[in-house]
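Here are the chains, one letter per residue:
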Amino acid sequence: MSILKLNTIFLFIILISNITIAQTGISYFLEKKSELPNSKIVDILETSDNNLMLLSLTSDEKYIQHQANIINYNISDNILSNNYLNIENLQDLLCLKKYNNEYKIFSNTTLNKSYKPFQLLLDKSLNIKENYEDPVVFSTLISDVIDGINYRLILYTKIGKSERYNISLHKINLENGKVEWLKKISSEQNEEADKIVIAPNGDLYILGKKYNDEVTEYVPIIYKLDNEGNKIWKKGIDVPNNFSQQSFCLTNDNYIIYICGYTKNPTGISESRVMKLKNNGEEDMSKVIDNFSANGLLKLSNGNFIIYGSEFFIDEKQIVTKAKYAIINKYLREFKTKSLDENDKPDVNLGSEIKTSSDFLIAKEISNERIALGGKVYMPNEKNSNKKNNVPLLMIINMDGSY
């Protein structure tokens, strides 16, 4: 083989290696605003030029005052911009959506123990165009937002005249911004909404919680609705009643994959239960993943699913959490499980004596068959190495879980 061909092959291998390194890895973003030192990624949106817009909730030391922040980030580990957006009385951030050349942030505000949904409209340069609270009479929270073809579904939890929590669903026409219909999911008990999924045929599935009369315990519930928001069935799910987070997705053949994280009594060790439900809500199979506190679940384009959250262990009499993910198929078999450790950023940059805690809070599939995992890492502040804060954490992995 000629020297020219060998050099060409060698150059090709280098280029492939560089591409792989650039596409996967771990990044963290030290907070620069000292009055809002704590921050976490709550949503991820990929732009047309393959940059990532990271929606982050920043907070003060006591987590009382909050602000929205958008980090416009490229895969080469460079921050393109860092936009702080003031939302008065901000309680939490849900998601960042795009339609045409505009962006919208969905959030909730609070005042005098009453909640109001809040939406912030941004232009393509992330300048504020309009902000408004939803016109509500009683305390209301946005629970989830999902887009279909030319429409948007907004899932609410409301407190009505009877002071009972109930679930409400609104369908918005994206072309004219008008409400096409509103549906209240009536119940004789307190119910809180968590997540909504659209099936390929247009049917809707809502995941929520049903409380007891004293509002001290709850159990998971799933509603199935038709494409006009009319109830088809309602099912409860048998899991430990001390679960902290839950999520669900649909398989390509319309089975339901459900996940929840909880603490196992009396040991205090975290577990996560994964269940496969038939399309009538009946259980098909289930399994337990040990030492995993799951926050959410994402369906991947190859038909598999990624579960994300954290695990914890006791290190020198202190509890340390480490961000963790697991990739499973529709038969609930695990292909890959990984927790961040001392060989991963930021620990590898800090030295063995400093222990960080981390957690994955959101996952999105992005281009070139990759997954972006966002969350937070508790680590030393850049200005004061003896003081720790939560800062945004981003990890990009391949579809098989490698990075």
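Residues numbered from 1 in each chain as written. Predicted model: local features only at pLDDT ≥ 70, side-chain atom pairs only at ≥ 80, totals over all residues. Heavy atoms only, no water.

**Quick notes on the overall build of the protein**
- Each helix and strand in the protein was counted, giving two helices and 28 strands.
- Its C-alpha atoms give the protein a radius of gyration of 22 Å, within 12% of the compact-globule value 22 Å for 403 residues.
- Seen through its principal axes, the protein has C-alpha atoms that stretch 75 × 50 × 45 Å.
- Within the protein, counting contacts between residues at least 6 apart in sequence, those at least 24 apart form 43% of the total.
- The centroid of the 48 positive side-chain charges in the protein is displaced by 2 Å from the centroid of its 51 negative side-chain charges. (Helix = DSSP H or I, 4+ residues; strand = E, 2+ residues; numbered from the N terminus. Rg over C-alpha atoms; globule rule 2.2 N^0.38 Å. Contact = heavy atoms within 4.5 Å. Lys, Arg positive; Asp, Glu negative; His and termini not counted. Charge placed at Lys NZ, Arg CZ, Asp CG, Glu CD.)

**Observations regarding the packing of aromatic side chains**
- Taken as a whole, this structure holds five aromatic pairs when the rule is applied.
- Ring geometry for Tyr211 against Tyr218: centres 5.3 Å apart, planes inclined by 70 degrees, an arrangement best described as edge-to-face.
- Ring pairing ties together the aromatic residues Tyr165, Tyr211, Tyr218 and Phe243, which thus form one cluster.
- Directly above the aromatic system of Tyr156 lies the positively charged group of Lys158, at a separation of 5.5 Å from the ring centroid.
- Just above the ring of Tyr151 sits the side chain of Lys171; from NZ or CZ to the centre is 4.6 Å. (Phe/Tyr/Trp six-rings, centres within 6.5 Å; stacked < 30°, edge-to-face > 60°. Lys NZ or Arg CZ within 6 Å of the ring centre and 35° of its normal.)

**Structural notes on the sheet that holds strand β11 (residues 151-159)**
- With respect to topology, four strands assemble into an open sheet ordered β10-β11-β12-β13, the strand pairing being antiparallel. Of all the strands in the sheet, just β10 (140-147) and β13 (179-185) have a single pairing partner and so form its edges. Each adjacent strand pair in this sheet contributes to an overall mean axis angle of 20 degrees, direction not counted. (Pairing = 2+ DSSP bridges. Axes fitted to C-alpha atoms, helices over the stretch in contact; angles between N-to-C directions.)

**Here we look at the environment of Ile159**
- Structurally, Ile159 is set in strand β11.
- A relative accessible area of 23% means that Ile159 is categorised as partly exposed.
- With 19 residues separating them in the primary sequence, Ile159 and Thr140 have C-alpha atoms 6.4 Å apart.
- In this view, Ile159 contacts Phe138, Ser139, Arg164 and Tyr165; residues no more than four positions away in its chain are not counted. (Buried < 20%, exposed > 50% of the residue type's maximum accessible area, 1.4 Å probe, protein only.)

**Digging into the nonpolar core**
- With 33 residues, the main nonpolar core has Leu52, Leu54, Ile306, Phe360, Leu373 and Leu394 as its most contacted residues.
- Counting residues per element, the ones that place at least two in this core are β2 (38-46), β3 (52-59), β4 (66-74), β23 (305-315), β24 (318-328), β26 (357-366), β27 (370-380) and β28 (388-398).
- With six residues, β28 is the largest single contributor of residues to this core.
- The residues contacting Leu52, other than those within four sequence positions of it, are Ile44, Leu45, Glu46, Ile71, Asn72, Tyr73, Ile75, Ile366, Ala372, Leu394 and Ile396.
- Counting residues in each nonpolar core, the second largest holds 18 residues, with Leu90, Leu93, Tyr103 and Leu122 among its members. (Core = buried A, V, L, I, M, F, W, Y, C linked by side-chain atoms within 4.5 Å.)

**Here we look at the pattern of salt bridges**
- A full pass over the atoms with the stated rule returns 17 salt bridges.
- Taking the shortest distance from any N to any O, the salt bridge between Glu191 and Lys234 comes out at 2.6 Å. Taken together, the residues Glu191 in strand β14 (residues 191-198) and Lys234 in strand β17 (residues 231-236) connect sequence positions 43 residues apart.
- The buried category is assigned to Glu191, whose relative accessible area is 0%.
- Taking the shortest distance from any N to any O, the salt bridge between Lys324 and Glu311 comes out at 3.4 Å. Placement of Lys324 in strand β24 and of Glu311 in strand β23 is noted, with a sequence separation of 13 residues between them.
- Connected through salt bridges with shared partners, the residues Lys338, Asp341 and Asp344 form a single ionic network. (Salt bridge = Lys/Arg side-chain N within 4 Å of Asp/Glu carboxyl O.)

**A look at the environment of Glu282**
- Of note, Glu282 is situated in the loop between β20 (269-277) and β21 (283-290).
- According to the relative accessible area criterion, Glu282 is partly exposed, its value standing at 37%.
- As a C-alpha pair, Glu282 and Lys113 span 169 residues in sequence and 38 Å in three-dimensional space.
- Residues in contact with Glu282, not counting those within four places in the same chain, are Lys235, Lys276 and Leu277.

**What about the pairing of strand β15 (residues 204-211)?**
- Of all eight residues that make up β15, seven are buried, and the element is covered over most of its length.
- Relative to β15, β14 runs antiparallel, the two being bridged by seven bridges. Paired with Lys195 across the two strands is Leu207, which belongs to β15.
- Between β14 and the antiparallel strand that follows it, β15, lie five residues; Gly202 among them carries a positive phi value of about 95 degrees.
- With eight bridges joining them, β15 and strand β16 (residues 218-225) adopt antiparallel strand pairing. Bridged to Tyr205 within β16 is Lys224.
- Linking two consecutive strands that pair antiparallel, namely β15 and β16, is a turn of six residues; a positive phi of about 55 degrees is found at Val215 within it.

**Description of unusual backbone geometry**
- Across the junction of Lys345 and Pro346, the peptide omega takes the value -5 degrees, indicating a cis bond.
- Phi angles above zero are rare outside glycine, and Leu126 is one such case at about 70 degrees.
- Along the chain, Leu126 falls in the loop between β8 (114-122) and β9 (128-133).
- Its identity is not glycine, yet Asn254 carries a phi of approximately 65 degrees, on the positive side.
- In this fold, Asn254 is placed in the loop between β18 (245-250) and β19 (256-264).

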